[in-house]
Amino acid sequence: HLDQRSLFEGNSNYGLKRNDARLTINSILSDKFTVTATAAYNGSTTKEHAYWTEWLIEQATRIPVIYPVKDVDGNYTLVSGSNSNPLARLSKGGMRTYKNDGLAGSISAEWSIIKDLKLKGFFGANLSNNNTHEFRRSIDYAPYKGGGDNESSVMDAFDRTLLLNSTLTLNYTKKIADDHSISGLLGISNENSDRRWFQARKIGIPGNEFGVIGNGQITDEKNTFGSGEQWGINSFFARLNYSYKDK
């Protein structure tokens, strides 16, 4: 478990939380049959400001230290030539949340059919779900004029990918006398992927509260899209080896 607070000021909820777990099982079911299974999970939640980090850092480094970020009344100032305040964006500009989950697992088995002949099988899966929610609030810089953070918006994004992989092989090895050895392999494998993703963004949240996609007034067509893709590969393979004195 990891719980790390962000170095940015403005919101104590900024930071990263992550959980990881792993399990491995090895089992010898008989003299001829063994099974190995593994499973791993990782999940993380990241909360940060609703802007771009490079914007905030660039703007903060350009403000001379003689200019206050806030005035004596606690209002966020607008330095001459700027239409925003980096601390105001951190404190009042909303939040972006990433929730990512990943699950991976595999199972393999080996069966000694007869002496020198083995059947091996493997199956693996990897599932990832990535979700992003962004609620950017508009910021009122009163009594200062010229603020440019007047637009509120909500964005939701989702990306899911499932990867599957399976292999089955028949392995034969034989040593003849002391100098000769032969080996052969027959196999089949399958790989496939299924991915789906979408993103939706709306502008204009009444009252600057309840940042959910259904409250948006105008759809941002350029940043609203979705699609999916699938692919698969089936393979057949074989190999025959001969060696003399292991050369």
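Right above here is the structure, for reference.
Residues numbered from 1 in each chain as written. Predicted model: local features only at pLDDT ≥ 70, side-chain atom pairs only at ≥ 80, totals over all residues. Heavy atoms only, no water.

**Student:** Break down the packing of aromatic side chains for me, citing the residues and quoting the values.
**Tutor:** A complete count under the given rule lists 2 aromatic pairs for this structure. Relative to Trp 55, the ring of Trp 52 has its centre 4.6 Å away and its plane inclined at 50°; by these criteria the two rings are tilted. Judged by its relative accessible area of 39%, Trp 52 falls in the partly exposed class. The exposure class assigned to Trp 55 is partly exposed, which follows from its relative accessible area of 42%. On the basis of an interplanar angle of 35° and a centroid distance of 5.9 Å, the ring pair of Phe 158 and Phe 198 is categorised as tilted. In this pair, Phe 158 sits in strand E6 (residues 153-176) while Phe 198 sits in strand E7 (residues 180-203), placing the two residues 40 residues apart along the sequence. Positioned over the ring face of Tyr 51 is Arg 136, at 4.4 Å from the centre of the ring. The ring of Trp 197 carries Arg 195 above its face, with NZ or CZ at 4.2 Å from the centroid. (Phe/Tyr/Trp six-rings, centres within 6.5 Å; stacked < 30°, edge-to-face > 60°. Buried < 20%, exposed > 50% of the residue type's maximum accessible area, 1.4 Å probe, protein only. Helix = DSSP H or I, 4+ residues; strand = E, 2+ residues; numbered from the N terminus. Lys NZ or Arg CZ within 6 Å of the ring centre and 35° of its normal.)

**Student:** Explain a nonpolar patch on the surface to me, using residue names and the numbers behind them.
**Tutor:** Taken together, the side chains of Tyr 172, Ile 176, Ile 182, Tyr 242 and Tyr 244 make up a nonpolar region of the molecular surface, amounting to roughly 470 Å² of accessible area. When contributions to the nonpolar patch are tallied by element, the ones reaching two or more residues are E6 and strand E9 (225-244). Mapped onto the secondary structure, Tyr 244 falls in strand E9. (Patch = residues over 30% accessible without salt bridge, like charges linked within 9 Å, V, L, I, M, F, W, Y side chains within 5 Å. Areas by Shrake-Rupley, 256 points an atom, 1.4 Å probe, with all protein chains shown as cover. Salt bridge = Lys/Arg side-chain N within 4 Å of Asp/Glu carboxyl O.)

**Student:** Give me the side chain of Thr 77: which residues, what numbers.
**Tutor:** When you line up the elements, Thr 77 lands in the loop between helix H1 (53-62) and helix H2 (86-92). Its relative accessible area of 9% is what places Thr 77 among the buried residues. Only 2.7 Å separates the side chain of Thr 77 from the backbone oxygen of Pro 68, close enough to count as a polar contact. Ignoring sequence-local partners within four residues, the contact set of Thr 77 consists of Pro 68, Val 69, Lys 70, Asp 71, Asn 85 and Tyr 144. (Polar contact = N/O pair within 3.5 Å; in protein donor to acceptor, adjacent residues only side chain to side chain. Contact = heavy atoms within 4.5 Å.)

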